[in-house]
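# Structural overview for review
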Amino acid sequence: MASNMRVMLVDPSLFTGPYDGALTQGLVAHNVLPQWATRPLRKGDQAEIEAEFVDPYFYRWVDGLDFLPEKLRLALKGVSHIWGLSQLLFKVWRRRPDVVHFQWAVLPKIDAWFIRQLRRWSPVVLTVHDTVPFNGEKISTFHNNGFDQPLWSSDRLIVHTQAGRANLVARGLPASKIDVVRHGPLALKVAPPAAATSAFHEDRGRYTLVLFGEIKPYKGVDVILSAMATLPQEIKSSLRLIVAGRPRMDIEPLQRQASELQLDGVVEWVPRRLSDEEMADLFAVADSLVFPYRQIDASGVYYLTKSLRRWMIASAVGVFKEDMLDGQEGRLVPSEDVAALAAAIEEACLTRPSPDAAGGGGSWTEIGDRTRQVYDKAMESWRHERG
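Below, the structure is looked at part by part. (Residues numbered from 1 in each chain as written. Predicted model: local features only at pLDDT ≥ 70, side-chain atom pairs only at ≥ 80, totals over all residues. Heavy atoms only, no water.)

### Things to note about the nonpolar core
- Formed by 52 residues in total, the largest nonpolar core has its most connected members in F212, L282, F291, F320 and Y375.
- For this core, the element with the most residues is helix α14 (residues 364-385), which contributes six residues.
- The residues contacting F320, other than those within four sequence positions of it, are F291, Y293, I296, S299, Y302, A314, S315 and L332.
- Judged by nonpolar contacts, the second largest core, of 31 residues, contains Y207, L239, L254 and L263. (Core = buried A, V, L, I, M, F, W, Y, C linked by side-chain atoms within 4.5 Å. Buried < 20%, exposed > 50% of the residue type's maximum accessible area, 1.4 Å probe, protein only. Helix = DSSP H or I, 4+ residues; strand = E, 2+ residues; numbered from the N terminus. Contact = heavy atoms within 4.5 Å.)

### Structural notes on the pairing of strand β2 (residues 32-37)
- The sheet contact formed by strand β1 (residues 5-10) and β2 spans six bridges and is parallel. Counted as the bridge partner of L9 is W36 from β2.
- For the crossover from β1 across helix α1 (residues 17-28) to β2, the handedness is right-handed.
- As paired strands, β2 and strand β3 (residues 54-55) are joined by two bridges and run parallel to one another. Looking across to β3, one finds that W36 is bridged to V54. (Pairing = 2+ DSSP bridges. Right-handed = clockwise from strand over helix to strand, strands pointing away.)

### So, the environment of K189
- Looking at where K189 falls in the secondary structure, it is placed in the loop between β7 (178-180) and β8 (207-212).
- Along the chain, K189 and Q46 lie 143 residues apart, while their C-alpha atoms are 10.0 Å from each other.
- For K189, the residues in contact, after removing those within four places along its chain, are Q46, E48 and D276.
- Within the local environment of K189, its side chain forms a polar contact with the side chain of E48, the two groups lying 3.0 Å apart. (Polar contact = N/O pair within 3.5 Å; in protein donor to acceptor, adjacent residues only side chain to side chain.)

### Observations concerning the packing of aromatic side chains
- All chains considered together, the criterion is met by 14 aromatic pairs.
- Taking 5.8 Å as the distance between ring centres and 80° as the angle between the ring planes, the aromatic pair formed by F291 and Y293 counts as edge-to-face.
- For F291, a relative accessible area of 2% translates into the label buried.
- The class for Y293 is buried, based on a relative accessible area of 1%.
- Counting every residue linked through ring pairs, the aromatic cluster contains Y218, F291, Y293, Y302, Y303 and F320. (Phe/Tyr/Trp six-rings, centres within 6.5 Å; stacked < 30°, edge-to-face > 60°.)

### A look at the side chain of T371
- Tracing the sequence through the fold places T371 in helix α14.
- Polar side-chain contacts of T371 include one of 2.8 Å to the backbone oxygen of I367.
- Ignoring sequence-local partners within four residues, the contact set of T371 consists of L23, L27, H101, I158 and V181.

### Quick notes on the packing of helix α2 (residues 70-95) against helix α3 (residues 108-118)
- Where α2 meets α3, the closest approach of the two axes is 10 Å, and the angle between their N-to-C directions is 10°. It follows that α2 is roughly parallel to α3 by the angle criterion. Residues H81, I82, L85, S86, L88, L89 and V92 of α2 lie in contact with α3, whose contacting residues are I110, D111, F114, Q117 and L118.
- Residue classes in the contact of α2 with α3 are distributed as eight nonpolar, three polar and one charged. (Axes fitted to C-alpha atoms, helices over the stretch in contact; angles between N-to-C directions. Parallel < 35°, antiparallel > 145°, perpendicular 65-115°, else oblique. Nonpolar A, V, L, I, M, F, W, Y, C, P; charged D, E, K, R; others polar.)

These figures capture arrangement, not role.
Structure follows, in structure tokens:
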């Protein structure tokens, strides 16, 4: 049996709470003693990580100040982030964990500087959930230009797909320091009810497409709207598309696009964060889950909904291309190919297919084992570097 290993894991903004909680279970199964550095839970948040493993000191005094002007709020959060990293630095100096594992670099240039300081006492592993900076979005020059600095500063990197690994190698990062550790399945908190009892049920019997998750430019909502506009009228009249999730962009242009394409009776908007019960209701009526993404490495929504065994229509990028069985679990189409996406939607509407196979992926116990192996490599190379 492997000896105990002490690891500090860092997800300041709790960007991937469900992933963090599942990873914790996998690590504990392999005698890794995790301690997470995160923000406090907000109203409506669920505790994904067991409380004994969490130290929520990031943004403690500024989280929830949404009433402030945006520029002031962001400035205060930036200062608070630096304070949180300073706290992390002190805790690592005092506790000397075997490894520090970052899930996200929130302010890349600043995080890179702190990572270099942390490496004085412990090796650092960074999981690069999105290897294309912000999935192609232009956040700011400060964010985008510094994206790779934490990657270069870390001892080892984890990505979720072979395509993600290739992206980093193409940018000059050493292939020898990059490990592929697949994402694992995520569990729904509430089982979907019978479709007829769902709050999203309708009596018209239309084929229901669901595009779920935070609404961002790379998700390709505009692409699927363009695709649906090209469908024959008899197909459009037998379809509905539900776009549901918290907007992370201005969706008014998308809603205007839908109106201009005469899709008002076809597209339903649920532009807010859904509760677990609402998510279950939504998935209960889904005939097909759609992922018209421009770019992605791994998708939490994909791993959350995979167990539902719904037909999927997805861009042939990232995890979809590597994990989904085309023609058996769903249909893969070229990214941003409006005609191919329209054809896949029409095919699904006419044939109403059911998936007959499950793709790859691993259990969280296996993922915990692979992650511990990455920690071992990081410790070995870090010690070798220091003689």
